[in-house]
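Understanding the architecture of this molecule
Below, each chain spelled out in residue letters.
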Amino acid sequence: MRETPEELEELQALLDASLSRSTSHLRSIINTERTLTAEQLTGVLTGMCTLALSTVTAKGEPRISGADGHFLHGKWHFGTARNAAKARHLAARPAVSAAHMRGEDLGVFTHGTVEILNPQHGEPAADWPDLLAYFKDFYGDDAFDWNKDVVYYRLHPHWTTVYASNVAKLTAVSQP
């Protein structure tokens, strides 16, 4: 868990607000017995979590693809090749939806907009050096030409919900 107390508070407020704004149908499925707190969520989402990432083409057609998601500081971070279709979509239309699912045990659903962390011709995000160190440690320092080959994003969510079929089982597995 890399989150500060302030980041956990912000994430919890987002989770609470998102669920309160959801439909009654969704609230009948995701309720206090079948969701996680911000602290529990950050304990469960460690390492790389495969995301189903949804973008939109210039014609308004939806596209879905996979991405390596890393939940850091209460937000999803993911990368792709600079020449990938999703990179073009996100450069033009930064709205995105992401889902991380583990069978029927866990579902994390997020809608928001992305920020480019390492633009090819611009200043990187202030925390990019720390994030880059994390990614290099995870993937290996020589996995890519980190300046040319890959572009990384931070998803700034405006809506996130979490479904957990068995909170006790899910959080027991994530304990050290």
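This report concerns the structure included in the present document.

Rules behind the numbers
- Residues numbered from 1 in each chain as written.
- Predicted model: local features only at pLDDT ≥ 70, side-chain atom pairs only at ≥ 80, totals over all residues.
- Heavy atoms only, no water.
- Helix = DSSP H or I, 4+ residues; strand = E, 2+ residues; numbered from the N terminus.
- Rg over C-alpha atoms; globule rule 2.2 N^0.38 Å.
- Buried < 20%, exposed > 50% of the residue type's maximum accessible area, 1.4 Å probe, protein only.
- Pairing = 2+ DSSP bridges.
- Axes fitted to C-alpha atoms, helices over the stretch in contact; angles between N-to-C directions.
- Contact = heavy atoms within 4.5 Å.
- Expected span 1.5 Å × (residues − 1).
- Arc of directions from axis to C-beta.

This brings us to the overall build of the protein. A tally of regular secondary structure across the protein gives six helices and six strands. The helix and strand sequence of the protein, counted from the amino end, reads α-α-α-β-β-β-α-β-β-α-β-α. Over its C-alpha atoms the protein spans a radius of gyration of 16 Å, differing by no more than 12% from the 16 Å that the globule rule assigns to 176 residues. For the protein, the C-alpha atoms occupy an extent of roughly 45 × 40 × 30 Å along the three principal directions. In the protein, which comprises 176 residues, the share counted as buried stands at 41%.

This brings us to the sheet that holds strand 2 (residues 62–72). Pairing is antiparallel in the closed barrel, where six strands are placed in the order 1-2-3-6-5-4. For this sheet, the mean inter-axis angle between neighbouring strands, taken without regard to orientation, is 40°. The sheet contact formed by strand 4 (residues 95–102) and strand 5 (residues 106–116) spans eight bridges and is antiparallel. Within strand 5, the residue paired with Ala99 across the bridge is Phe109. Most of the contacts of helix 1 (residues 5–20) go to strand 6 (residues 150–164), to which it runs at about 55°, and overall it touches strand 2, strand 3 (75–81) and strand 6. Packed onto the sheet, helix 4 (residues 85–92) meets strand 1 (48–56), strand 2, strand 3, strand 4, strand 5 and strand 6 and runs at close to 60° relative to strand 1.

As a further point, take helix 5 (residues 128–139). Taking 1.5 Å of rise per residue, twelve residues should cover 16 Å, and helix 5 covers 16 Å from first to last C-alpha, within 8% of that figure. Of the positions making up helix 5, those classed as buried are Trp128, Leu131, Leu132, Tyr134 and Phe135. In an axial view of helix 5, the angular spread of the buried residues amounts to 160°, which keeps them on one side of the axis. Exposed and facing more than 90 degrees away from the buried side of helix 5 are Pro129, Asp130 and Asp137. Along its buried surface, helix 5 packs onto strand 2, strand 3 and strand 6. Just downstream of helix 5 lies Gly140, where phi reads positive at about 105°.

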